[in-house]
Amino acid sequence: MRDYITIIGGGLAGSEAAYQIAKKGIKVKLYEMKPDRFSPAHSNKNLAEIVCSNSFKSNLHTNACGLLKEELRILDSLLIKIADETAVPAGQALAVDREKFAEEVTKRIENMNNIEIIRQEVGNSFVDNTDDIIISENLTSELKQMAKDGIVIIATGPLTSDKLFKEILEMTGNDNLYFYDAAAPIIDKSSINMNIAFNGNRYEQEREKDEDIDVWKNRIENQDRSYINLPMNKEEYENFWNELVNAEIVELHNFEKREIFEGCMPIEIMAKRGMDTLRFGPLKPVGFTDLRTGRRPYAVVQLRQDNSQGNLYNMVGFQTNLKFGEQKRVFSQIPGLENAEFEKYGVMHRNTYINSTKLLDNTYNFKQNTNIFFAGQITGVEGYVESISSGLVSALNAINKFNNINIKTEFSELTMIGALAKYISTPNEKFQPMNANFGILPQLDEKIRDKKLRYEKLADRSLLQF
């Protein structure tokens, strides 16, 4: 057995796994293909790069992702610790400065004893001028070689390179599964028309019926500035909707199937389900008052602070596959964004995941070769915090195997960490990526109708397991 553990992929799962292993005094070789190659969604050379500031979601224990983060804090998760250190204002959510977060993770991993970062793509396959992947017959799979006499954690994420994904596909013997993920545009705050827009969280700024409008306007001036709201009347909304549903989208490659993951649906696809669909979704006006009229608007677009400086704002719910020029044209028709400067346009890209329900156990160990573990969104856990969780669990079990300890580190299904691990490893013919949610936890013995109270009890029960 080699005297180190190999980790392929320097994203959130891989970085967390590297930290957990190295702090136990075990050497790690961490392979990361950046900066030689970038996935369609990534753009800088740092480890643990993320594409959305609010990727860590709520901090409340009554929120499933908030509970998961608290469990990870108890277990000394490096990445959650850094997320807390690089947080930006976002109400009750844990949003981070994306650049500072990735920079700090990279610095900590680079400076840690026992970790060697190898900036190199793994995989022997190559791609010709078409979309077909070719394997040279005289080459042995690099992945198989790594796992032949060593322990490997594959944490290459949902955008695994063609080279390695082909090797994984041949190794697993299963058909690959696809879904699509989409990221929203980011706007320079200084280009937003604040004569139309207003700050404030949902409900916190809605005007009371008997409140004088001047008193109300003065009161909301000091509301939470991590959100900017853009109200629309009926005519403005319908004009925007018509332009959106008729806008040009990016043509996908012929090998990409048009399967869309419901948890991150492009806004143009959602809009095509009906003119009012957005008004009951990301553009719902409930909890807001239009400063221009003193009444609830017909629809509201929310922008969320994206960095610690407060100069960049993310368009909430506007994940999109529109062409860049179309994004500029269509989104600039939203009142308040007529002169918007788009620092980053939305993108849509292929995400891949393996059929973990047949391939992995609840420690993310590959059943066909126990020298191999998987971690991150390639396993079907959906979300950054969920990926960190899988990286931590796979690392703890890789450590056991490295030390010849024939005991698995398994987490109770009463915990969110354990429930996610159970979900991806339980046979399911309709397997889909899954976020942390209270629905995957075993239910309470008592029936509690009040949702908040029920979630509190589920969270308390989970934390008692540590």
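Parameters and conventions
- Residues numbered from 1 in each chain as written.
- Predicted model: local features only at pLDDT ≥ 70, side-chain atom pairs only at ≥ 80, totals over all residues.
- Heavy atoms only, no water.
- Helix = DSSP H or I, 4+ residues; strand = E, 2+ residues; numbered from the N terminus.
- Buried < 20%, exposed > 50% of the residue type's maximum accessible area, 1.4 Å probe, protein only.
- Contact = heavy atoms within 4.5 Å.
- Polar contact = N/O pair within 3.5 Å; in protein donor to acceptor, adjacent residues only side chain to side chain.
- Core = buried A, V, L, I, M, F, W, Y, C linked by side-chain atoms within 4.5 Å.
- Phe/Tyr/Trp six-rings, centres within 6.5 Å; stacked < 30°, edge-to-face > 60°.
- Lys NZ or Arg CZ within 6 Å of the ring centre and 35° of its normal.
- Pairing = 2+ DSSP bridges.
- Axes fitted to C-alpha atoms, helices over the stretch in contact; angles between N-to-C directions.
- Salt bridge = Lys/Arg side-chain N within 4 Å of Asp/Glu carboxyl O.
- Parallel < 35°, antiparallel > 145°, perpendicular 65-115°, else oblique.
- Nonpolar A, V, L, I, M, F, W, Y, C, P; charged D, E, K, R; others polar.

(A) Geometry of the environment of Glu-85. By the element assignment, Glu-85 lies in helix α3 (residues 78-85). On the basis of relative accessible area, Glu-85 is assigned to the partly exposed category, the value being 46%. Spatially, the C-alpha atoms of Glu-85 and Lys-100 are 9.4 Å apart, while their sequence positions differ by 15 residues. Excluding residues within four positions of it along the chain, Glu-85 makes contact with Glu-104 and Arg-108. In this structure the side chain of Glu-85 is engaged in a polar contact, spanning 2.5 Å, whose partner is the side chain of Arg-108.

(B) Representation of the nonpolar core. With 88 residues, the main nonpolar core has Phe-56, Phe-101 and Phe-374 as its most contacted residues. Of all the elements, helix α12 (residues 384-402) adds the most residues to this core, at nine residues. Among the nonpolar cores identified, the runner-up in size contains 32 residues, and Ile-228, Trp-241, Leu-303 and Ile-334 belong to it.

(C) Expanded view of the packing of aromatic side chains. Under the counting rule described, the total for this entry stands at 12 aromatic pairs. Ring centres of Phe-318 and Phe-331 lie 5.2 Å apart, and the angle between their planes is 80°; this geometry places the pair in the edge-to-face category. Here Phe-318, found in the loop between β14 (312-315) and α10 (324-331), pairs with Phe-331, found in helix α10; they are 13 residues apart in sequence, far enough to count as distant. You can call Phe-318 buried: its relative accessible area is 0%. With a centroid separation of 5.9 Å and an interplanar angle of 80°, the aromatic rings of Tyr-353 and Phe-431 are classed as edge-to-face. In this pair, Tyr-353 sits in strand β16 (residues 347-353) while Phe-431 sits in the loop between α13 (416-425) and α14 (451-463), placing the two residues 78 residues apart along the sequence. Here Tyr-353 falls in the buried class, since its relative accessible area comes to 4%. The residue whose ring lies beneath Lys-29 is Tyr-4, and the NZ or CZ to ring-centre distance is 4.4 Å. Between the NZ or CZ atom of Arg-279 and the centre of the ring of Tyr-298, over which it lies, the distance is 3.7 Å.

(D) Geometry of the sheet that holds strand β12 (residues 227-232). The strand order across the open sheet formed by six strands is β11-β12-β13-β14-β10-β15, and the pairing between neighbours is antiparallel. Each having just a single partner strand, β11 (198-199) and β15 (342-344) make up the two edges of the open sheet. Pairing of strand β13 (residues 299-305) with β14, which is carried by three bridges, proceeds in the antiparallel orientation. If you follow Leu-303 over to β14, its bridge partner there is Met-315. In this fold helix α8 (residues 234-245) packs onto β12 and β13, with an angle of close to 100° to the strand it touches most, β12.

(E) View of the sheet that holds strand β1 (residues 4-8). Read from one edge of the open sheet, five strands run β5-β2-β1-β8-β17, paired in parallel fashion. Only two strands of the sheet have a single partner each, and these edge strands are β5 (115-118) and β17 (372-374). Averaged over neighbouring strand pairs, the angle between their axes works out to 20° when direction is ignored. Relative to β17, strand β8 (residues 151-154) runs parallel, the two being bridged by three bridges. From the neighbouring strand, Val-152 faces β17, where its bridge partner is Ile-372. Its contacts with the sheet place helix α6 (residues 162-172) against β1, β8 and β17, and it is angled at close to 115° to β17.

(F) Quick peek at helix α2 (residues 64-74). Burial analysis of α2 places eight of its 11 residues in the buried class, the great majority of the element. What α2 keeps buried is the set Ala-64, Cys-65, Gly-66, Leu-67, Leu-68, Lys-69, Glu-71 and Leu-72.

(G) Quick peek at the pattern of salt bridges. Overall, the coordinates contain 18 salt bridges when judged by the stated rule. With its nearest N and O atoms 3.3 Å apart, the salt bridge here joins Asp-76 to Lys-81. Residue Asp-76 is classed as partly exposed on the basis of its relative accessible area of 24%. With a shortest N-O distance of 3.3 Å, Asp-276 and Arg-279 are connected by a salt bridge. Through salt bridges with shared partners, a single network forms among Glu-85, Glu-104, Lys-107 and Arg-108.

(H) Fine view of the packing of α8 against α10. Interaxial distance between α8 and α10 falls to 10 Å at its minimum, and their mutual angle equals 170°. Relative to α10, α8 is oriented roughly antiparallel. Contact residues: α8 offers Phe-240, Glu-243 and Leu-244, while α10 offers Arg-329, Val-330 and Phe-331. Looking at the contact of α8 with α10 residue by residue, the class counts come to four nonpolar, no polar and two charged.

(I) Summary view of the pairing of β14. Of the two faces of β14, the one lined by Leu-312 and Asn-314 and the one lined by Tyr-313 and Met-315 are each fully buried. Here three bridges tie strand β10 (residues 186-188) to β14, and the two strands are oriented antiparallel to one another. Of the residues in β14, the one forming a bridge with Asp-188 is Leu-312. Between β13 and β14, which pair antiparallel in sequence order, lie six residues; one of them, Gly-310, sits at a positive phi of approximately 75°.

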